[in-house]
Amino acid sequence: MGFFLETLFGGLMAGMLYSLIALGFVLIFKASGVFNFAQGAMVLFAALAMARFSEWFPKWLGFDNPVLANLLAFAAAMALMVAVAWAIERFVLGKLVNQEGITLLMATLGISYFMDGFGQTLFGSDIYKIDIGMPKDPIFLFEGTFEGGVLLNKEDLYAALIAAALVAGLSLFFQKTATGRALRAVADDHQAAQSIGIPLSRIWVIVWSVAGFAALVAGVIWGSKLGVQFSLQQVALKALPVVILGGLTSVPGAIIGGLIIGVGEKLSEVYIGPSLGGGIEIWFAYVLALVFLLFRPQGLFGEKIIDRV
């Protein structure tokens, strides 16, 4: 039972990080109807910015305080993500209003490849580290209940708590603030929202900025765990099956979907993987998403769209 709980907790903690990335997909889709394939590139770009700025600021400004370096780097990376959000709305989305869905999809693919190349040009292509001071030593829980206790990694635990706090904060933002209500109004009906004075272009900048903030936090956490490298984008794309499972238009669905994917892939790798030769953790999420696309394409919490003819 102790080993099972270790695997379960590990899956839940990974699932919270998947949920954080998936929120970026959900927020942008709700506000603009765009399935943002660039979210993985945004996570990588934000992590690269954080890693490089934390190296450059102490050299540029002549100080040796890692906490100050991280704070300045985070602020600069967030400002850069806001600038990216403005540029995407100004030069891409603003030019494609009311276009077909496939056109918008291809636009986000183009944004993804551009950000990959631009990030490499601007920040370099080596492997960089992000050190935000999260402890990496393990802790033991329930030692009196199970023999040997339950082993947890402090870094994973702190990362999951940060992701959970941000997910909760974004949910409250959407439900309780005037801007959040405007975002939900735009998600329901673009033309109706414009007719009551909600500026569509400003809303798109805000939602892409919020998605950029979520991408930055996810990039910092994953970069701290794995190092900042271009394979980080593949980790971020694990959020695709999460949004398919939870529903493209549901913030709670992104959270529940991330937890299901995280727990499912860990348990399947540990308990089924040895009999199949391993590697289940790599493809489990995508196979589960395929099953949902076949039998419940709107996901667990997504809206069922009925076209009347």
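Details of the structure are given in the entry above.
Residues numbered from 1 in each chain as written. Predicted model: local features only at pLDDT ≥ 70, side-chain atom pairs only at ≥ 80, totals over all residues. Heavy atoms only, no water.

A. Structural view of the overall build of the chain. Helix and strand content of the chain: 13 helices and two strands. Its C-alpha radius of gyration of 20 Å places the chain within 12% of the 19 Å reference for a compact globule of 309 residues. Each of the three principal axes of the chain carries a C-alpha extent, and together these read 65 × 60 × 35 Å. In the chain, which comprises 309 residues, the share counted as buried stands at 48%. Long-range contacts, defined as pairs at least 24 residues apart, comprise 72% of the intrachain contacts of the chain with a sequence gap of at least 6. As displayed, the chain has an accessible area near 14,900 Å², and 65% of this comes from carbon and sulfur atoms. On the chain, the mean spot of the 18 positive side-chain charges and the mean spot of the 20 negative ones are 9 Å from each other. (Helix = DSSP H or I, 4+ residues; strand = E, 2+ residues; numbered from the N terminus. Rg over C-alpha atoms; globule rule 2.2 N^0.38 Å. Buried < 20%, exposed > 50% of the residue type's maximum accessible area, 1.4 Å probe, protein only. Contact = heavy atoms within 4.5 Å. Areas by Shrake-Rupley, 256 points an atom, 1.4 Å probe, with all protein chains shown as cover. Lys, Arg positive; Asp, Glu negative; His and termini not counted. Charge placed at Lys NZ, Arg CZ, Asp CG, Glu CD.)

B. Structural context of the side chain of Ser 112. Tracing the chain through its elements places Ser 112 in helix 4 (residues 101-123). Note on Ser 112: relative accessible area 6%, which makes it buried. Those residues within four positions of Ser 112 in sequence are excluded, and the remaining contacts are Phe 37, Ala 38, Ala 41 and Gln 233.

C. Broad picture of the environment of Ile 198. On the secondary structure map, Ile 198 appears in the loop between helix 7 (190-195) and helix 8 (200-226). When residues no more than four places from it in sequence are discounted, the contact partners of Ile 198 are Ala 182, Ala 185, Val 186, Ala 193 and Ile 203.

D. Geometry of the nonpolar core. Counting 95 residues, the largest nonpolar core has Leu 20, Ile 21, Phe 53, Trp 208 and Val 228 as the members making the most contacts within it. Of all the elements, helix 8 adds the most residues to this core, at 16 residues. Those residues in contact with Ile 21, other than ones at most four positions away along the chain, are Gln 39, Val 43, Ala 218, Trp 222, Ala 236 and Ala 239. (Core = buried A, V, L, I, M, F, W, Y, C linked by side-chain atoms within 4.5 Å.)

E. Spatial organisation of the packing of helix 2 (residues 39-61) against helix 8. Where helix 2 contacts helix 8, the two axes come as close as 8 Å, and the packing angle between them is 60°. Between helix 2 and helix 8 the crossing geometry is right-handed. Residues Gln 39, Met 42, Val 43, Ala 46, Ala 47 and Met 50 of helix 2 pack against Trp 208, Ala 211, Gly 212, Ala 215, Leu 216, Ala 218, Gly 219 and Val 220 of helix 8. Within the contact of helix 2 with helix 8, the residues separate by chemical class into eleven nonpolar, three polar and no charged. (Axes fitted to C-alpha atoms, helices over the stretch in contact; angles between N-to-C directions. Left-handed = near helix turned anticlockwise from the far one by under 90°. Nonpolar A, V, L, I, M, F, W, Y, C, P; charged D, E, K, R; others polar.)

F. Fine view of helix 3 (residues 66-91). For helix 3, built from 26 residues, the straight-helix expectation of 38 Å at 1.5 Å per residue is met to within 8% by its first-to-last C-alpha distance of 36 Å. Among the structural elements, helix 2, helix 4 and helix 8 are those in contact with the buried residues of helix 3. (Expected span 1.5 Å × (residues − 1).)

G. Fine view of the layout of surface pockets. The computed volume of the second largest pocket comes to approximately 370 Å³. Lining the second largest pocket are 19 residues, with Gly 10, Ala 14, Asp 156, Lys 225 and Lys 266 sitting closest to its centre. Looking at the lining of the second largest pocket, the elements with two or more residues in it are helix 1 (2-32), strand 2 (150-153), helix 8 and helix 11 (251-271). With seven residues, the single largest contributor to the lining of the second largest pocket is helix 1. Looking at the lining of the second largest pocket residue by residue, the class counts come to ten nonpolar, three polar and six charged. (1 Å grid on protein atoms, 1.4 Å probe; cavity = no way out; pocket = protein on both sides within 12 Å on 5 of 7 lines; lining within 4 Å. Points joined across faces, edges and corners; volume = space filled by probe spheres on them.)

H. Representation of the pairing of strand 2. Only one face of strand 2 is covered, namely the face carrying Val 150 and Leu 152; the face carrying Leu 151 and Asn 153 is uncovered. Sheet topology note: the strand 1 (residues 138-141)/strand 2 ladder contains four bridges and is antiparallel. What sits directly across from Phe 140, in strand 2, is Leu 151. (Pairing = 2+ DSSP bridges.)

I. Main features of helix 13 (residues 280-295). Its 16 residues give helix 13 an end-to-end C-alpha distance of 22 Å, which sits within 8% of 22 Å, the value for a rise of 1.5 Å per residue. Along helix 13, the residues classified as buried are Ile 280, Ala 285, Leu 288, Ala 289 and Phe 292. Projected down its long axis, helix 13 shows its buried positions confined to an angular sector of 160°, all on one face. Residues of helix 13 that are exposed and point more than 90 degrees away from the buried face comprise Ile 282 and Leu 294. Turning to helix 13, the residues buried within the fold contact helix 10 (239-246), helix 11 and helix 12 (273-276). (Arc of directions from axis to C-beta.)

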